[in-house]
Every structure is written in C-alpha cells, then in structure tokens.
Amino acid sequence: MARDTRGGRSSGPRPRVQVAALAAAGLFLLIGVLGFIPGITTDYGELAFAGHHSDARLLGLFQVSILHNAVHLLFGLAGLVLARSIAGARLFLAGGGAIYLALWLYGLAIEAVDAEGGANILPVNAADNWLHLALGFGMLALGLLLSNQVGTGGRLDTPFDRP
C-alpha cells in the first residue's frame, strides 16, 4: 500500500472495522451531547446527576442522567482513540459490545429486583435495555466478524497498541 508524503500511515482507504468503530464512537458522542440538550431530552429540568430519580428522557424514551450522558461521551472518546488502529477498533467494538451486553443483563436484573432501588445508578429502563441488547450484539458482531483478515495477516493475536 502507498504511503503518504510524510512517510506516515498508508493513504489507502481505512479498513471497514476502523470505519465502523469511528461511526460507533461518533454515535456515542452524539448521544452523549443530545442528552444535555433541552427539547431533545424531555423533562430536562428533572435531569439528576445519577440514579433512578432522574426523570429526563432522551427522545422521550431513554431515561438519562448526567452520569449516563458522561459515560456515553467517555465511551465515544475512547472509541475515537482506539479506532486509530485496526486492533484497537476491534477491541472497541468487541469489548464495547460485551460491555453493552453486560449492561443489558444489569438492566434486566435491576428491573427484576427493584427498578426504584439504589442499584439503578445509571439509570436504565426497558427502552434502554432493548437498546443495550441491540448495541451489544451489533458491536460484538462488527468487532469479531467485519475484518478478521485485515492488518494481521490472518492472525488475531497482534497487540492492540500496534496496527
């Protein structure tokens, strides 16, 4: 592959796994920012720092708090950093998918035990749970299946800090 004029990384198109990781990171950043915009977040005056007491809802559906929005922003920033390499993009997508599946299980457990209890710190509701399930499977599938041959010569044991 050709190198750019500075001798840096190749000037060809980015591998699909990196594009997918950048898109996912951008989506998380957008969601995090939208969670702080009145109108897009209904009952914005009820936005709490954390916990189930926050009655603010992104798009009128997804229960959010300041902590919840901050987690989305931090997750998006981590995705932008990790998407700079193929292995990092895989790590972000597959690892993030696993995290979101765990968050889905957390939400199910919260609903089963006590949705109004102190353990519901993010907060999550039924709409969040379904979204977390879809995000978890989607990100995991992208991270594991999108480009299993790109950049590693077919080997998946390349450290995440190298392209």
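Note that residues are indexed from 1 along each chain, following the sequence as it is written. At least 70 in pLDDT is required for a residue's local features to be given in this predicted model, at least 80 for side-chain atom pairs to be given and counted, and no such filter applies to totals for whole chains, interfaces and linings, which use all residues. Side-chain numbers come from the whole structure's heavy atoms, not from hydrogens or water.

Visitor: Describe the sheet that holds strand 1 (residues 41-42), with residues and values.
Guide: With antiparallel pairing, three strands are arranged side by side in an open sheet as 1-2-3. Of all strands in the sheet, those bounded by a partner on one side alone are strand 1 and strand 3 (62-63). Here strand 2 (residues 57-58) pairs with strand 3 via two bridges, running antiparallel. Paired with Leu-58 across the strands is Phe-62, a residue of strand 3. The pairing criterion for strands is at least two bridges between them, as found by DSSP. Here a strand is any run of E in DSSP of at least two residues, a helix any run of H or I of at least four, and the numbering for each starts at the N terminus.

Visitor: Hey, could you go over helix 2 (residues 66-82) for me, with residue numbers and the actual values?
Guide: Here the expected length of a helix is defined as 1.5 Å per residue gap, with one fewer gap than residues. Look at helix 2: 24 Å from first C-alpha to last across 17 residues, which is about the 24 Å you get at 1.5 Å a residue. Relative accessibility decides the category of a residue: with a 1.4 Å probe and only protein chains considered, values under 20% of the type maximum give buried, values over 50% give exposed, and everything between is partly exposed. Of the residues making up helix 2, those classed as buried are His-68, Asn-69, His-72, Phe-75, Gly-76 and Gly-79. One face of helix 2 carries all of its buried residues, which in axial projection span an arc of 125°. Opposite the buried face of helix 2, at more than 90 degrees from it, the exposed residues are Leu-74 and Val-81. Working note: the arc is built from the helix axis to C-beta atom directions.

Visitor: Residue-level account of helix 3 (residues 86-113), with values.
Guide: Here helix 3 is 28 residues long and its end C-alpha atoms lie 40 Å apart, about the 40 Å a rise of 1.5 Å per residue gives. As used in this structure description, the phrase polar contact means that two N or O atoms lie within 3.5 Å; if the pair is within protein, one of them must be able to donate a hydrogen and the other to accept it, and residues adjacent in sequence are counted only when both atoms belong to side chains. Taking the backbone nitrogen of Gly-88 as reference, a side-chain oxygen 2.9 Å away marks Ser-85 as the first, capping residue of helix 3.

Visitor: So, the nonpolar core: which residues are in play, and what are the values?
Guide: Buried residues of nine kinds, namely Ala, Val, Leu, Ile, Met, Phe, Trp, Tyr and Cys, make up a nonpolar core once their side-chain atoms join them within 4.5 Å. Counting 16 residues, the largest nonpolar core has Ala-21, Phe-28, Phe-75, Phe-92, Leu-93, Tyr-100 and Met-139 as the members making the most contacts within it. Those elements that provide at least two residues to this core are helix 1 (16-34), helix 3 and helix 4 (126-145). Note on contacts: a residue pair is in contact if any heavy atoms of the two residues lie within 4.5 Å. In this structure Leu-93 touches Val-17, Ala-20, Ala-21, Ala-24, Met-139, Leu-140, Leu-142 and Gly-143, once residues within four positions along its chain are discounted. Among the nonpolar cores identified, the runner-up in size contains six residues, and Ile-31, Leu-58, Phe-62 and Val-64 belong to it.

Function-wise, these values are silent; they only describe arrangement.
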